[in-house]
6 protein chains.
Amino acid sequence: MSTVLPPENLESNPRVKAVFDDIRATRQTGFINNIWRYLAFDDDLLERTWAEVKAVMATPSDLDPLTKEMLYLAVSIVNNCNYCVHSHTAGAKAKGMTPAQHAEVLKIVALASKTNQLATALQLPTDPEFLMEE
Amino acid sequence: MSTVLPPENLESNPRVKAVFDDIRATRQTGFINNIWRYLAFDDDLLERTWAEVKAVMATPSDLDPLTKEMLYLAVSIVNNCNYCVHSHTAGAKAKGMTPAQHAEVLKIVALASKTNQLATALQLPTDPEFLMEE
Amino acid sequence: MSTVLPPENLESNPRVKAVFDDIRATRQTGFINNIWRYLAFDDDLLERTWAEVKAVMATPSDLDPLTKEMLYLAVSIVNNCNYCVHSHTAGAKAKGMTPAQHAEVLKIVALASKTNQLATALQLPTDPEFLMEE
Amino acid sequence: MSTVLPPENLESNPRVKAVFDDIRATRQTGFINNIWRYLAFDDDLLERTWAEVKAVMATPSDLDPLTKEMLYLAVSIVNNCNYCVHSHTAGAKAKGMTPAQHAEVLKIVALASKTNQLATALQLPTDPEFLMEE
Amino acid sequence: MSTVLPPENLESNPRVKAVFDDIRATRQTGFINNIWRYLAFDDDLLERTWAEVKAVMATPSDLDPLTKEMLYLAVSIVNNCNYCVHSHTAGAKAKGMTPAQHAEVLKIVALASKTNQLATALQLPTDPEFLMEE
Amino acid sequence: MSTVLPPENLESNPRVKAVFDDIRATRQTGFINNIWRYLAFDDDLLERTWAEVKAVMATPSDLDPLTKEMLYLAVSIVNNCNYCVHSHTAGAKAKGMTPAQHAEVLKIVALASKTNQLATALQLPTDPEFLMEE
């Protein structure tokens, strides 16, 4: 089904093993999901992608982990990425998203997409109140 | 610039006036931004759209108002709606989004779009761990 | 504002002139809108694009001209093409789209985009009733 | 495969049953397709979504039912919603879309997406003739 | 799984046979992939689509065949077309794309999508240096 | 027009200055285009984004610089990012893209988007020949 195959004996490559070890340590789980296994077809792509995910998503910051995961899920829905919708729905549930919150994320995504289309269709001029002075 | 014009003497139409009064009361401001003025070219579209925005965004729920607004902003960015990016950036700031949180929303949107493309490019199989049993 | 410039003395190029003459004859107007003027930076691209537009949009077929134009408009909204939203809104109005029909197109585009997002978010299995047997 | 499961004994919930009864009555069929069964994970989302679909799609209006369904299909293709492409292709066929009309919808969607990309790539200025005076 | 079925005895239709013969001759292979078999549900759509693919992709031009195929793949990823990602990944490999080049295409697609979102989120003004004078 | 403002006295911030100095040295120009000036509203976002652009785009690799820039441009068109279409059209021209090559990129982007939509509309099954064995 995929367009590349994960290398065999993935963790015999020390760069891959280092990333996987860091994923396991950061997430405190032994589970390595497919995106990391398949990105391992290119060491550099794997390292850079994990480094960015770790920095943005797994480092304490001004947004709490559940909010970040719901934002990631919302983007994945709008980008229509099936794998990502599955993995980030699971991720958000693991971080505590309740069914009611899940429904709310969906309502916002759906409503925003609807009003986005209306605004585009109308070619709305931006209110001067929304503009910044330079 | 727009593809329809707001009717003249907008609030002489009682259905429009009722919606605008409710917007002002709900948001506690006299400011009616352009999307409502232009949607008034069709009474029904105006009423239904406001009813949904009010129900989803302006009613206490399981997500706090700032989180909801940031989700709306994230969707608007991915949908590439210029008006909406402006209005919901302004809306999120009005609800307390700090510059650091703003930067974080952007980092998540950008990262999610990046990994979404990678997952699509790889045509990743969904991990069985993410699937639900029916 | 554009990324290419229309050639000067556009119609001194006989291939361009032939296309423009055909546009004027087909549409029965002297007005050549910008997409044709700018596509003229490449003869081949201009000829092929007009040939396809003429075949699909300006040739009698199983759908009436207004329906076709509204479909073109709907696609242009979802693809978020500002130029195209303007030109096909104008085109649909020129073919008789009433304000009520315009509002209806917008309602359908907005509703469809909303339910599209919900279906993606839910990763809905397709009902067997919708599938064709091969 | 989905990210939520439809509740068991769906119609033991009176709000769900009321929506399903209305779907059956409106469409004059016993068949409830998956989007309604899965949206039932949240009463409110189910009720609101059906109310809007019924108002826009199943109420006599200025566009005939087949035209509306073809517009819905076109939007679903551009939004790349697999479930929706299947359900609205089936829906349009049920409302009388012939194979020739189906091919025509596809030609328009494909042509419009092509010219949308050209217009974006060229960053075309909008012809003044298309603009409205405010 | 599809929304139309390829006609039976496809090549008994002389228009279809002519296109298939040309595909086989142009590509020097007996393999006709699914898009051509399914597009055959409408003669005209099949003929036009192949004519354009042949003219743009299979005719010597100012870009080499591998570069063209990688551009096609990049567009297919961003448009999130599963079939197309598979077929154009295979096509690019057949034209000589190495694993390292494949990884590079993915890095560029992912990076570009990321910075595209940032530029949209920031609503960046275009630098005057990038604009053309008319 | 933008949603954030570049900080005043940008280069009084040593982290910003370091990035700008590296941009100038890498590109051998004094010109810092707007995306870098505006991303400077968040040090971390600026540093990470430039680091990735430099690694992917400005480091010798298995694809030549013009091919990489054309891929970036193609993605920017499909993502409909106005700023990016302008900046990467300018970038590709600076790296030697001829008008004929520019036209070819546009033809491929337009054709690919067209066939992408057809493949989605048909919900084409992937040919087994395109699939990899795992």
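The rules behind these values
Residues numbered from 1 in each chain as written. Chains lettered and ligands numbered in written order. Predicted model: local features only at pLDDT ≥ 70, side-chain atom pairs only at ≥ 80, totals over all residues. Heavy atoms only, no water. Helix = DSSP H or I, 4+ residues; strand = E, 2+ residues; numbered from the N terminus. Rg over C-alpha atoms; globule rule 2.2 N^0.38 Å. Buried < 20%, exposed > 50% of the residue type's maximum accessible area, 1.4 Å probe, protein only. Contact = heavy atoms within 4.5 Å. Areas by Shrake-Rupley, 256 points an atom, 1.4 Å probe, with all protein chains shown as cover. Lys, Arg positive; Asp, Glu negative; His and termini not counted. Charge placed at Lys NZ, Arg CZ, Asp CG, Glu CD. Core = buried A, V, L, I, M, F, W, Y, C linked by side-chain atoms within 4.5 Å. Salt bridge = Lys/Arg side-chain N within 4 Å of Asp/Glu carboxyl O. Least-squares fit on C-alpha atoms with pLDDT ≥ 70 in both. Buried area = accessible area lost by both parts, 1.4 Å probe. Polar contact = N/O pair within 3.5 Å; in protein donor to acceptor, adjacent residues only side chain to side chain. Nonpolar A, V, L, I, M, F, W, Y, C, P; charged D, E, K, R; others polar. Disulfide = S-S within 2.5 Å.

Taking an unreviewed UniProt entry as the reference, chain A is identified by name as Alkylhydroperoxidase belonging to Kiloniella spongiae.

Engineer: Residue-level account of the overall build of chain A, with values.
Structural biologist: In terms of regular secondary structure, chain A is built from six helices and zero strands. Each helix and strand of chain A, placed in order from N terminus to C terminus, yields the pattern α-α-α-α-α-α. In terms of overall size, chain A is more extended than a compact globule, its C-alpha atoms giving a radius of gyration of 19 Å where 134 residues would be expected to give roughly 14 Å. Along the longest, intermediate and shortest principal axes, the C-alpha atoms of chain A span 60 × 35 × 30 Å. Counting over 134 residues, chain A shows a buried share of 60%. Of the contacts made within chain A by residues no fewer than 6 positions apart, 50% connect residues no fewer than 24 positions apart. About 5000 Å² of surface is accessible on chain A, with carbon and sulfur atoms providing 52% of the total. If you average the places of the 12 positive and of the 17 negative side-chain charges in chain A, the two averages end up 9 Å apart.

Engineer: Hey, could you go over the environment of A:Ala121 for me, with residue numbers and the actual values?
Structural biologist: With respect to the helices and strands, A:Ala121 occurs in helix H6 (residues 99–122). Setting aside chain neighbours within four positions, we find A:Ala121 in contact with B:Thr3, C:Ile77, C:Val85 and C:Leu106.

Engineer: Mind laying out the nonpolar core, listing which residues take part and the relevant values?
Structural biologist: One finds A:Trp36, B:Trp36, C:Trp36, D:Trp36, E:Trp36 and F:Trp36 to be the most contacted residues of the largest nonpolar core, which totals 294 residues. Excluding residues within four positions of it along the chain, C:Trp36 makes contact with C:Phe20, C:Ile23, C:Arg27, C:Leu46, C:Thr49, C:Trp50 and C:Val53.

Engineer: Which residues make up the pattern of salt bridges, and what values go with them?
Structural biologist: When the charged atoms of two side chains with opposite charge come close together, those side chains can pair. Here the structure, examined in full by the defined rule, presents 78 salt bridges over all chains. Between A:Arg15 and A:Asp43 there is a salt bridge, with the nearest N and O atoms lying 3.4 Å from each other. You can see A:Arg15 sitting in helix H1 (residues 14–27) and its partner A:Asp43 sitting in helix H3 (residues 43–57), a full 28 residues away along the chain. Here E:Glu104 and F:Lys68 are joined by a salt bridge, their closest N and O atoms 3.7 Å apart.

Engineer: Explain the relation of the copies chain B and chain E to me, using residue names and the numbers behind them.
Structural biologist: Comparison of the two chain copies shows a relationship of rotation about an axis with a shift along it. Once chain B has been moved 0.0 Å along the axis and rotated by 180°, it coincides with chain E to within an RMSD of 0.0 Å. This pairing of chains is accounted for by a two-fold axis. When C-alpha distances to the rotation axis are compared across chain B, the minimum falls at B:Lys114, with a value of 2.6 Å. Most of the interface of chain B is mirrored in chain E, where 100% of its interface residues again form contacts.

Engineer: With reference to specific residues and values, describe the interface of chain B and chain A.
Structural biologist: Each side of the interface is counted separately: chain B has 65 residues, and chain A has 65 residues. For the pair chain B and chain A, the two sides together bury roughly 6000 Å², of which 71% comes from carbon and sulfur. Considering only the side of chain B, the residues that lose the most area to chain A are B:Ile108, B:Leu122 and B:Phe130, jointly responsible for 11% of the buried surface there. The interface formed by chain B and chain A includes four salt bridges. Across the contact surface, chain B and chain A share 28 residue pairs in polar contact (both at pLDDT 80 or more). Elements with a minimum of two residues in the side of chain B that touches chain A: helix H2 (34–39), helix H3 (43–57), helix H4 (65–78), helix H5 (82–94) and helix H6 (99–122) of chain B. In terms of residues, the side of chain B that touches chain A owes the most to one element, H6(B), which gives 18 residues.

Engineer: Give me the lowdown on the interface of chain B and chain E, citing residues and values where you can.
Structural biologist: For interface size, the figure often reported is the accessible area lost on association. Contacts between chain B and chain E engage 17 residues on the former and 17 residues on the latter. A combined buried area of about 1700 Å² lies between chain B and chain E, and 66% of that area is made up of carbon and sulfur atoms. Considering only the surface of chain B that becomes buried against chain E, B:Gln117, B:Ala121 and B:Gln123 emerge as the three largest contributors, covering 32% of it. Where chain B packs against chain E, one counts zero salt bridges. Here chain B and chain E share four residue pairs in polar contact (both at pLDDT 80 or more) between them. Elements that contribute at least two residues to the side of chain B that touches chain E include exactly H4, H5 and H6 of chain B. A total of ten residues in the side of chain B that touches chain E trace back to one element, the largest contributor, which is H6(B). Residue composition of the side of chain B that touches chain E, grouped by class: nine nonpolar, seven polar and one charged.

Engineer: Residue-level account of the relation of the copies chain B and chain A, with values.
Structural biologist: With an RMSD of 0.0 Å, the operation that places chain B on chain A is a rotation of 180° combined with a shift of 0.0 Å along the axis. Mapped onto chain A, 100% of the interface residues of chain B are again interface residues, and the two copies thus contact each other with one and the same surface.

Engineer: Outline unusual backbone geometry, listing residues and values.
Structural biologist: Residue and element names in this part refer to chain D. Despite not being glycine, asparagine 9 shows a phi value in the positive range, around 45°. Structurally, asparagine 9 is set in the segment before helix H1 (14–27). Residue class for asparagine 9 comes out exposed when judged on its relative accessible area of 60%.

Engineer: Which residues make up the state of the cysteines, and what values go with them?
Structural biologist: Residue and element names in this part refer to chain C. For the structure shown, the criterion picks out six disulfides over all chains. With its sulfur 2.1 Å from that of its partner, cysteine 81 forms a disulfide with cysteine 84. Between cysteine 81 and cysteine 84, the S-S dihedral sits near 50°, and the bridge is therefore right-handed. Neither residue differs from the other here; cysteine 81 and cysteine 84 are each classed as buried.

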